Amino acid sequence: MTKLTLSEAEAILAGTLRRGEQLGKALSVAIVDAGGHLISAKRSDGARALTPSIAIAKAYSAAIMERPTNMLRDWAQSNPGFFAQLSEMAAHPIVATEGGVTIKRNGEILGGLGVSGGTPAEDQQACEEALSELGYDLVFKT
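Residues numbered from 1 in each chain as written. Predicted model: local features only at pLDDT ≥ 70, side-chain atom pairs only at ≥ 80, totals over all residues. Heavy atoms only, no water.

The backbone phi angle of Glu 66 is positive, close to 60°, even though this residue is not glycine. Of note, Glu 66 is situated in the loop between α2 (51-64) and α3 (73-78). Even without being a glycine, Asn 106 presents a positive backbone phi close to 50°. Relative to the assigned elements, Asn 106 resides in the loop between β3 (100-105) and β4 (108-116). (Helix = DSSP H or I, 4+ residues; strand = E, 2+ residues; numbered from the N terminus.)

Written out as structure tokens, the structure reads:
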């Protein structure tokens, strides 16, 4: 199993924060490993106080659920009781929104990237553009 290194995580963070600057948004960005453990997180100047916690929850969800958080919406809506219980069992809340993308290379799950501070679409855009620029996979099966 390949592990996501700190230098790789920092490159993803830097690319994602650049995307936030281009969007004119103060973002918080978090990177976790495949087990959902925090590798690195940064909060831009001006990012709202709760955004780091939200970014960590998005990154965690994308890593342990092995798919981007926006792909979890239908499941959360169709079975809210189970989804709520799942969140209680986990170390962090499991979120079903945009802005959490699984970090995957050559089909292998390496971790999760979470972004908070923009609109849901902006958070998602920042994730996808940063990961795409660095050559990570963005195709996931439903």
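This part covers the nonpolar core. In this structure, Ile 12, Ile 31, Ile 103 and Leu 113 are the most contacted members of the largest nonpolar core, which totals 17 residues. Of all elements in the fold, only α1 (6-23), β1 (28-33), β3, β4 and α5 (120-133) reach the threshold of two or more residues within this core. At 4 residues, the largest contribution of residues to this core is made by α1. Excluding residues that lie within four positions of it along the chain, Leu 113 makes contacts with Ile 12, Thr 16, Val 29, Ala 30, Ile 31, Ala 59, Gly 99, Gly 100, Val 101, Ile 103, Cys 127 and Leu 131. (Core = buried A, V, L, I, M, F, W, Y, C linked by side-chain atoms within 4.5 Å. Buried < 20%, exposed > 50% of the residue type's maximum accessible area, 1.4 Å probe, protein only. Contact = heavy atoms within 4.5 Å.)

With that settled, the discussion passes to the side chain of Gln 124. With respect to the element layout, Gln 124 can be found in helix α5. At 2.8 Å, the side chain of Gln 124 forms a polar contact with the side chain of Glu 128. In contact with Gln 124, not counting residues within four places along its chain, are Asn 70, Glu 98, Gly 99, Gly 100 and Val 101. (Polar contact = N/O pair within 3.5 Å; in protein donor to acceptor, adjacent residues only side chain to side chain.)

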